[in-house]
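Architecture and fold: a report
Here's the letter readout for the chains.
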Amino acid sequence: MKPGFSGAIAFMLLISSGCASIDKYKSDPADVIHLADINGDSRDEIVRVKDKFDTQSKTIVEVLKKNKIQLGSFSVPGRLESIDFIEMGMGQHKDISVHYRNRDDSETVSIYTFKDDKFRKIFTVDSNCGIETDYSSMLARIKTGKFICNADICSCTDVNNGDMWIWTGDKFLK
C-alpha cells in the first residue's frame, strides 16, 4: 500500500469513529445532536434535540457537557424547523435560535441565551404568514409576513413586505 492511501484510510477511520462517539449522546435514535459553545468556556457542549411533537406537542432542547452532565434544557410547543447557534453579544458563547411550526401551522422563532446557569428567552415572534431569519452579521434580522385585509378579504404579505426586527446589541427593535 502506498503511504498516501493508508493515511487516507486512517483518516476515514478517525472521522467515522468521531461520528460514532457523538451518537452516544442520543437517548433515542431519532435525537439530533449538535456541538456548540453555549456557556462561553471555549469548549463545545452537546446540544441534543428531541422531537416529541407527535406524542407531547413539543420539541425539547437539552445541553450537556461531554461527561453527560446536563447544563440545562428548554422546550418549545411545536415541531422544529431549524436550530441556529448564533453570537448575539460580545461574549464567546452561542445563543440558540429555534424556528418551529405550531399545531395550527403558524411559525415561531424564539432565541434563548444561557445566563446565570439557566436558559432565558430573549426574543420570540410568531407569524401565520412565514418567518425568515438572517444571522450572518452582528445585526441579526428576523422578518415576518403579516395579514393584510381589504374589506372582508385577508391574505398574507410576503415576508419582505412584512415586519422586520433588527438586533441592536442588547434587544431586537421593530
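Small disclaimer: the values here were computed from a predicted structure and weren't measured.

For the rest of this paragraph, the subject is the nonpolar core. Ile38, Val61, Phe74, Ile83, Ile96, Val98 and Phe119 are the most contacted members of the largest nonpolar core, which totals 15 residues. Listing elements by their share of this core, those giving two or more residues are strand E2 (45-52), strand E3 (58-64), strand E4 (70-76), strand E6 (95-101) and strand E7 (107-115). Ranked by the residues each element gives to this core, the list is headed by E6, at 3 residues. In contact with phenylalanine 74, not counting residues within four places along its chain, are Thr59, Ile60, Val61, Ile96, Val98, Tyr112 and Phe119. Ile131, Tyr135, Ala140 and Trp167 belong to the second largest nonpolar core, which has 13 residues in total.

A complete count under the given rule lists 2 disulfides for this structure. Across the disulfide, cysteine 129 is cross-linked to cysteine 156 (sulfur-sulfur distance 2.1 Å). Taking the sign of the S-S torsion, -65 degrees for the link of cysteine 129 and cysteine 156, the bridge is left-handed. Placement of the pair is cysteine 129 in the loop between strand E8 (118-127) and strand E9 (131-134) and cysteine 156 in strand E12 (residues 153-156), with a sequence separation of 27 residues. Judged by its relative accessible area of 40%, cysteine 156 falls in the partly exposed class.

Our focus in this paragraph is the confidence of the model for the chain. Looking at the chain, the pLDDT average stands at 88 and 87% of residues meet or exceed 70. Under a pLDDT of 50 for its full length, residues 10-19 has, in the predicted model, 0 contacts with residues more than four places off or in other chains.

It is worth spelling out a nonpolar patch on the surface at this point. Together, Leu139, Met164 and Ile166 line one region of the surface with nonpolar side chains, adding up to about 240 Å² of accessible area. Within the secondary structure, leucine 139 is located in the loop between E9 and strand E10 (141-144). For leucine 139, a relative accessible area of 48% puts it in the partly exposed group.

What follows concerns the pattern of salt bridges. Counted under the stated rule, the structure contains 16 salt bridges. We note a salt bridge from lysine 50 to aspartate 31, for which the minimum N-O separation is 3.2 Å. Taken as a pair, lysine 50 in strand E2 and aspartate 31 in the loop between helix H1 (3-23) and strand E1 (32-36) lie far apart in primary sequence, 19 residues in all. According to the relative accessible area criterion, aspartate 31 is buried, its value standing at 4%. Three or more residues joined by partner-sharing salt bridges are found here, namely Asp41, Arg43, Glu45 and Lys65.

The rules we used
- Per chain, residues are indexed from 1 in the order of the written sequence.
- Only residues with pLDDT of 70 or above have their local features reported here, since the model is predicted, and side-chain atom pairs are shown and tallied only from 80 upward, although totals for entire chains, interfaces and linings are computed over all residues.
- Note that the side-chain values use all heavy atoms of the structure and ignore hydrogens as well as water.
- Joining through side-chain atoms within 4.5 Å is the link that ties buried Ala, Val, Leu, Ile, Met, Phe, Trp, Tyr and Cys residues into a set, and such a set is a nonpolar core.
- Exposure is judged per residue with a 1.4 Å probe applied to protein chains only, and the accessible area is read against the type maximum: over 50% gives exposed, under 20% gives buried, and values in between give partly exposed.
- Numbering goes from the N terminus for both helices and strands, where a helix is a DSSP run of H or I of at least four residues and a strand is a run of E of at least two.
- Contact between two residues is taken to exist if any of their heavy atoms lie within 4.5 Å; hydrogens are not considered.
- Any two cysteine sulfur atoms lying within 2.5 Å of each other are counted as a disulfide.
- Across the chain, each position has a pLDDT score giving the predictor's confidence in that residue, from 0 to 100.
- Without a salt bridge and with relative accessible area above 30%, a residue can belong to a patch; like charges are then joined within 9 Å and nonpolar side chains (Val, Leu, Ile, Met, Phe, Trp, Tyr) within 5 Å.
- Note on areas: Shrake-Rupley with a 1.4 Å probe; residue coverage comes only from the protein chains shown.
- Salt bridges are counted wherever a side-chain nitrogen of Lys or Arg sits within 4 Å of a carboxyl oxygen of Asp or Glu.

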